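The residues making up each chain are set out below.
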Amino acid sequence: MSELHADAVRVLKDWDAPDAAQEQLRLDYLDHLAQHDDGMWKPCRPGHITASALVIDPVGERVLLTLHRKLKMWLQMGGHCEPGDATLADSALREATEESGIAGLTLLRAEPVKLDRHETPCAWHLDVQYAAIAEPGAVEAISEESLDLKWYGFDEVAAVADGSVEALLARTRAVIGV
């Protein structure tokens, strides 16, 4: 079992789910990790843990979304865990930094904001979702995984993103109190 696997188990055991649906996902994720020593890695089937972060501007009024190259959808930054990631939080922060091009992102808090299980063309993603804050004056840069990056006001997200991004934004807003 990897250090990252052990961290994921610890994070999920310690996380206080905000509602019954999130609690069920938390238990499902823990069951997945108990059954799959390789449950953190992309080759694990039928699915694997992923990590993402919703990037928020320092004022707390906008989020940065990526137009995902393969899925052609506006999403938060995130993706597969890598062997160099010591923790889920490290994985989420690395993915957010790589995909946004913004150095100096910091997580809103050490624990996840939300969990989201979704099917991709290759496997189920058991996504552990965080929120990250950009520094004042941060400038984004499009990565190879993105077709575009764009800042959206909180009230604009519903018009461009799917329900999973809307739910992540709603949970993030509840955490930051706006």
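Now for a description of the structure that goes with this document. (Residues numbered from 1 in each chain as written. Predicted model: local features only at pLDDT ≥ 70, side-chain atom pairs only at ≥ 80, totals over all residues. Heavy atoms only, no water.)

## Remarks on the pattern of salt bridges
Phase 1 of the analysis: Tallying each qualifying case throughout the model produces 11 salt bridges.
Phase 2 of the analysis: Between E98 and R94 there is a salt bridge whose closest N-O contact spans 3.3 Å. A residue pair is termed a helical-turn pair when its members lie 3 or 4 positions apart in one helix, as E98 and R94 do in helix α3 (residues 88–100) at four residues.
Phase 3 of the analysis: The exposure class of E98 is partly exposed, given its relative accessible area of 38%. (Salt bridge = Lys/Arg side-chain N within 4 Å of Asp/Glu carboxyl O. Helix = DSSP H or I, 4+ residues; strand = E, 2+ residues; numbered from the N terminus. Buried < 20%, exposed > 50% of the residue type's maximum accessible area, 1.4 Å probe, protein only.)

## Section: the packing of helix α1 (residues 3–14) against helix α2 (residues 20–35)
Phase 1 of the analysis: Contact geometry for α1 and α2: axes closest at 10 Å, N-to-C directions at 155°. Viewed along their axes, α1 and α2 adopt a mutual orientation that is roughly antiparallel. In the packing of α1 onto α2, the handedness of the crossing is left-handed. Residue-level contacts link H5, A8, V9, L12 and K13 of α1 to R26, Y29, L30 and L33 of α2.
Phase 2 of the analysis: Looking at side-chain class alone, the contact of α1 with α2 contains six nonpolar, one polar and two charged residues. (Axes fitted to C-alpha atoms, helices over the stretch in contact; angles between N-to-C directions. Parallel < 35°, antiparallel > 145°, perpendicular 65-115°, else oblique. Left-handed = near helix turned anticlockwise from the far one by under 90°. Contact = heavy atoms within 4.5 Å. Nonpolar A, V, L, I, M, F, W, Y, C, P; charged D, E, K, R; others polar.)

## A look at the environment of H125
Phase 1 of the analysis: Counting through the fold element by element, H125 comes out in strand β7 (residues 124–133).
Phase 2 of the analysis: Between the C-alpha atom of H125 and that of A174, which follows or precedes it by 49 residues, the distance is 24 Å.
Phase 3 of the analysis: H125 has contacts with H48, T50, H80, D116, R117, H118 and T120, leaving out every residue within four places of it along the chain.
Phase 4 of the analysis: In this structure the side chain of H125 is engaged in a polar contact, spanning 3.3 Å, whose partner is the side chain of H80. (Polar contact = N/O pair within 3.5 Å; in protein donor to acceptor, adjacent residues only side chain to side chain.)

## Structural notes on the environment of I102
Phase 1 of the analysis: Position of I102 among the secondary structure elements: in the loop between α3 and β5 (106–107).
Phase 2 of the analysis: For I102, a relative accessible area of 0% corresponds to the buried category.
Phase 3 of the analysis: In sequence terms I102 and R173 are 71 residues apart; their C-alpha atoms lie 21 Å from each other.
Phase 4 of the analysis: Sequence-distant contacts of I102, defined by excluding residues within four places in its chain, comprise L64, T97, A134, A138, V139, E140 and W151.

## Brief notes about the nonpolar core
Phase 1 of the analysis: By size, the foremost hydrophobic cluster in this structure holds 32 residues, and its most contacted members are Y29, M40, I49, V55, L88 and Y130.
Phase 2 of the analysis: For this core, the secondary-structure elements that each account for two or more residues are α1, α2, β1 (47–56), α3, β7 and β8 (146–153).
Phase 3 of the analysis: If sequence neighbours within four positions are ignored, I49 has contacts with Y29, H32, L33, G39, M40, C81, L88, L126 and V128.
Phase 4 of the analysis: L54, L67, L75 and V157 belong to the second-largest nonpolar core, a separate cluster that totals 16 residues. (Core = buried A, V, L, I, M, F, W, Y, C linked by side-chain atoms within 4.5 Å.)

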